[in-house]
Amino acid sequence: MTTTTVNETASAGAARQAPVLPRLLPAAPEDLRHHLARYGPTPYRGQAGQLISDIETSGLTGRGGAAFPVYRKLAIVARARGRKVVVANGAESEPASRKDELLLRAAPNLVLDGLQLAAEATGATEAHLYTHYGPTPEILRALAERAAASLDMVDVTITRAPPRFLAGQESALVNRLGGGPALPTFQPPRVTERGLGGAPTLVQNVETLAHIALIARYGPRWFRAVGTSAEPGSMLTTVYQPDGRCRVVETEIGAPLRTLLSSGPETRAWLVGGYHGTWLPVPQAAALTLEALTLDNGTLKKYGAAAGAGVLAALPSDRCGLTEAARVVGYLAAESAGQCGPCLNGLPRIAAGLAELAGPGHRRQTRADVERWAGLVEGRGACNHPDGTVRFVRSALLVFAPEISLHARGQCSATNRRPFLPLPDGFPTSEEDWT
Amino acid sequence: MPLTLETLKVNPIDCTGHGVCAELLPELVSLDEWGYPIVDPRPVPPQLDREARRAVAACPALALKLMRK
């Protein structure tokens, strides 16, 4: 699969003008000089808490996948006393997602502006950047340029996220920043109440912080000019087309999915929301809901789906969806932290069951076993890994039911056996890779 | 006696599947096929309050909690 991660629709905006789409991604990576020419300096408010009502009015939700209202986390940390911490989360541990990586490369100063503004709004005196790639040249350069220009009020510490699916989960992130392994812990207390070293900790996805940096400049009304009224704004998506191309595209929330994803005969199924996401059958979608199926959680919920961190894939019709799903679930099972009994026991069994269904012939009870195990792990983990995995598995069983029948008779509809959905190199990873 | 509004919660990381809770409180706790507890999500009824507290105290992993909604 080729990965271009370019932004096709970028256009250079006039200096200091509120941007239309794309809002976040410049045509080419921007250093601090370009950033200042386009946006001006970091718009500090001069007082903690000042930005939060604008963020509330904007309706901004977290872009890391959970879509939690941003102002609420800001307000909880702002209200707390004593030492406080803010973290820019660019772990992007979802292997198919490339948007945070691209954003950090193309517009690092927007993210860093957002981090400083979040620190000011919450009264935090400690800031971290947590990324899959650690201190890249672009980030180090941006931080050095900002230091030379005395832009930042709080120093930023960079920590590399281990290459694990759960590394970006909030409590796992806090544990890693604290020097331990990136393993989730049982909540409550939430990290906003007791996080890094016990301090109330605000963790926001890097894209969320970039949106904060723009809302602080152009205001909530500008932010709400695109998107739906319930889910305003734009979001970055990582889009895989049947021809194997991968693109990061900034799109308005609520955009029809068919404007983003191929829906022709070359497409077998859609995967919406990544590996904790949902398979949707395209032919059915074409007949019934192609117009109605839009990229917003209000709509996607009706189809059992969610936008997640914006990973969208159109599986080509020459591939077997069941085989693809079994590969991904094998990965997800291996990525269980192994801390909670139901996940530790259930996910490998679910993965083995799916692998059996994806093979030639299977035992009569296997499908029912997978469904029962799915029910047994759901809602019983310290983090959402079992629940997300179950959503992916159940939708695969539903959408690829005809394929299961074919495989039971020793057949498969695929004409191309090459894996389509990306999994990390070196998977499965070893036990020691949590730090 | 005031109506209790506490519910049983398992910390799934601490829980090691001893199964003591299901033995002491079968009305509210059953075990899955791997020996891990499935607890009734509804508030603990007053007549089971004492048994629930006993099960919480008896958990060898200190993984069973009574939490206020």
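For clarity, every value in this text was computed on a predicted model and none was experimentally measured.

## Remarks on the overall build of chain B
Consideration 1: In terms of helices and strands, chain B carries two helices and four strands.
Consideration 2: Starting at the N terminus and walking to the C terminus, you meet the elements of chain B as β-α-β-β-α-β.
Consideration 3: For chain B, the C-alpha radius of gyration of 11 Å lies close to 11 Å, the compact-globule estimate for 69 residues.
Consideration 4: C-alpha extents for chain B along the principal axes are approximately 35 × 20 × 20 Å.
Consideration 5: When each of the 69 residues of chain B is scored for burial, the buried share is 28%.
Consideration 6: Relative to all contacts within chain B whose residues are 6 or more apart in sequence, the contacts with residues 24 or more apart total 64%.

## What about the environment of Arg327(A)?
Residues and elements named next belong to chain A.
Consideration 1: As for its placement among the helices and strands, arginine 327 is situated in helix 11 (residues 321–334).
Consideration 2: Through-space distance from the C-alpha of arginine 327 to that of glutamate 378 is 20 Å; in sequence the pair is 51 residues apart.
Consideration 3: Excluding its chain neighbours within four sequence positions, the residues that come into contact with arginine 327 are Pro419 and Leu423.

## Focus: the packing of helix 3 (residues 70–79) of chain A against helix 5 (residues 108–122) of chain A
The packing of two helices is summarised by the inter-axis angle and the distance between the axes.
All names here are of chain A.
Consideration 1: Where helix 3 contacts helix 5, the two axes come as close as 8 Å, and the packing angle between them is 50°. As judged from the angle between their axes, helix 3 and helix 5 are oblique. On helix 5, the residues touching Leu74, Val77 and Ala78 of helix 3 are Ala118, Ala121 and Thr122.
Consideration 2: Within the contact of helix 3 with helix 5, the residues separate by chemical class into five nonpolar, one polar and no charged.

## Thoughts on the interface of chain B and chain A
Consideration 1: Each partner contributes residues to the interface: chain B has eight residues there, and chain A has 11 residues.
Consideration 2: When the residues that make up the side of chain B that touches chain A are grouped by side-chain class, the tally is five nonpolar, two polar and one charged.

## Some details on the pairing of strand 1 (residues 85–90) of chain A
Residue and element names in this part refer to chain A.
Consideration 1: In terms of residue burial, strand 1 counts as a mostly covered element, since six of its six residues are buried.
Consideration 2: Of the two faces of strand 1, the one carrying Val85, Val87 and Asn89 and the one carrying Val86, Ala88 and Gly90 are both buried.
Consideration 3: Relative to strand 2 (residues 126–131), strand 1 runs parallel, the two being bridged by six bridges. Note that in strand 2 the partner of valine 87 across the bridge is histidine 128.
Consideration 4: Alignment of strand 1 against strand 4 (residues 201–205), held across five bridges, turns out to be parallel. Within strand 4, the position partnered with valine 86 by the bridge is leucine 202.

## Points about the nonpolar core
Residue and element names in this part refer to chain A.
Consideration 1: Leu103, Val111 and Val329 are the most contacted members of the largest nonpolar core, which totals 129 residues.
Consideration 2: The leading source of residues in this core is helix 8 (residues 206–223), at nine residues.
Consideration 3: Counting residues domain by domain, this core receives three or more from each of domain 1 (32–223) and domain 2 (321–408).
Consideration 4: Residues in contact with leucine 103, not counting those within four places in the same chain, are Leu24, Leu25, Val111, Val206, Glu207, Ala210 and Leu236.

## Quick look at the sheet that holds strand 2 of chain A
Residue and element names in this part refer to chain A.
Consideration 1: Pairing in this open sheet of four strands is parallel, and the strands run 3-2-1-4 from one edge to the other. Because the sheet does not close on itself, it has two edges, and the strands there are strand 3 (156–160) and strand 4. Taken over all neighbouring pairs, the strand axes of this sheet differ in orientation by 20° on average, direction set aside.
Consideration 2: Its contacts with the sheet place helix 8 against strand 1 and strand 4, and it is angled at close to 90° to strand 4.

## Notes on helix 7 (residues 170–177) of chain A
All names here are of chain A.
Consideration 1: Judged by how many residues are buried, helix 7 sits mostly within the fold: eight of eight residues are covered.
Consideration 2: All of the buried residues along helix 7 are Glu170, Ser171, Ala172, Leu173, Val174, Asn175, Arg176 and Leu177.
Consideration 3: In this fold, the buried residues of helix 7 make contact with strand 1, strand 2, strand 3 and strand 4.
Consideration 4: Looking one or two residues past helix 7, glycine 179 carries a phi angle of roughly 100°, positive in sign.

## Notes on the sheet that holds strand 8 (residues 278–281) of chain A
All names here are of chain A.
Consideration 1: Sheet architecture is open: five strands sit in the order 6-5-9-7-8, paired in mixed fashion. Only two strands of the sheet have a single partner each, and these edge strands are strand 6 (246–252) and strand 8. Within this sheet the neighbouring strands show an average axis-to-axis angle of 25°, counted without direction.
Consideration 2: Sheet analysis places strand 5 (residues 234–240) next to strand 9 (residues 311–316), joined by three bridges and oriented parallel. Opposite threonine 238, over in strand 9, you have valine 311 as the bridge partner.
Consideration 3: Lying over the sheet, helix 4 (residues 99–106) contacts strand 5 and strand 6, oriented at roughly 120° with respect to strand 5.

## What to know about unusual backbone geometry
Consideration 1: A cis amide bond links Gln187(A) to the next residue, Pro188(A), at an omega of 10°.
Consideration 2: One can find Pro188(A) in the loop between helix 7 and strand 4.
Consideration 3: Along the chain, Pro188(A) connects to Pro189(A) via a cis peptide bond; the corresponding omega equals 0°.
Consideration 4: With a phi angle near 40°, Glu92(A) is a residue other than glycine that sits in the positive phi range.
Consideration 5: Note on placement: Glu92(A) falls in the loop between strand 1 and helix 4.
Consideration 6: Judged by local crowding, Glu92(A) falls into the buried class, with 27 C-beta atoms found within 10 Å.
Consideration 7: Look at Leu62(B): it is not a glycine, yet its phi comes out positive at around 55°.
Consideration 8: Tracing the sequence through the fold places Leu62(B) in the loop between helix 2 (49–58) and strand 4 (64–68).

## Focus on the domain arrangement of chain A
All names here are of chain A.
Consideration 1: Domain annotation for chain A reports domain 1 (32–223) and domain 2 (321–408).
Consideration 2: Relative to domain 2, the C-alpha centre of domain 1 lies at a distance of 34 Å.
Consideration 3: The partner domain 2 presents seven residues to the eight residues of domain 1 that form the contact.

Conventions adopted
- Residues numbered from 1 in each chain as written.
- Chains lettered and ligands numbered in written order.
- Predicted model: local features only at pLDDT ≥ 70, side-chain atom pairs only at ≥ 80, totals over all residues.
- Helix = DSSP H or I, 4+ residues; strand = E, 2+ residues; numbered from the N terminus.
- Rg over C-alpha atoms; globule rule 2.2 N^0.38 Å.
- Buried ≥ 20, exposed ≤ 12 C-beta atoms within 10 Å, placed from the backbone.
- Contact = placed C-beta atoms within 7 Å.
- Axes fitted to C-alpha atoms, helices over the stretch in contact; angles between N-to-C directions.
- Parallel < 35°, antiparallel > 145°, perpendicular 65-115°, else oblique.
- Nonpolar A, V, L, I, M, F, W, Y, C, P; charged D, E, K, R; others polar.
- Pairing = 2+ DSSP bridges.
- Core = buried A, V, L, I, M, F, W, Y, C linked by C-beta atoms within 7 Å.
- Domains from an automatic or database assignment.

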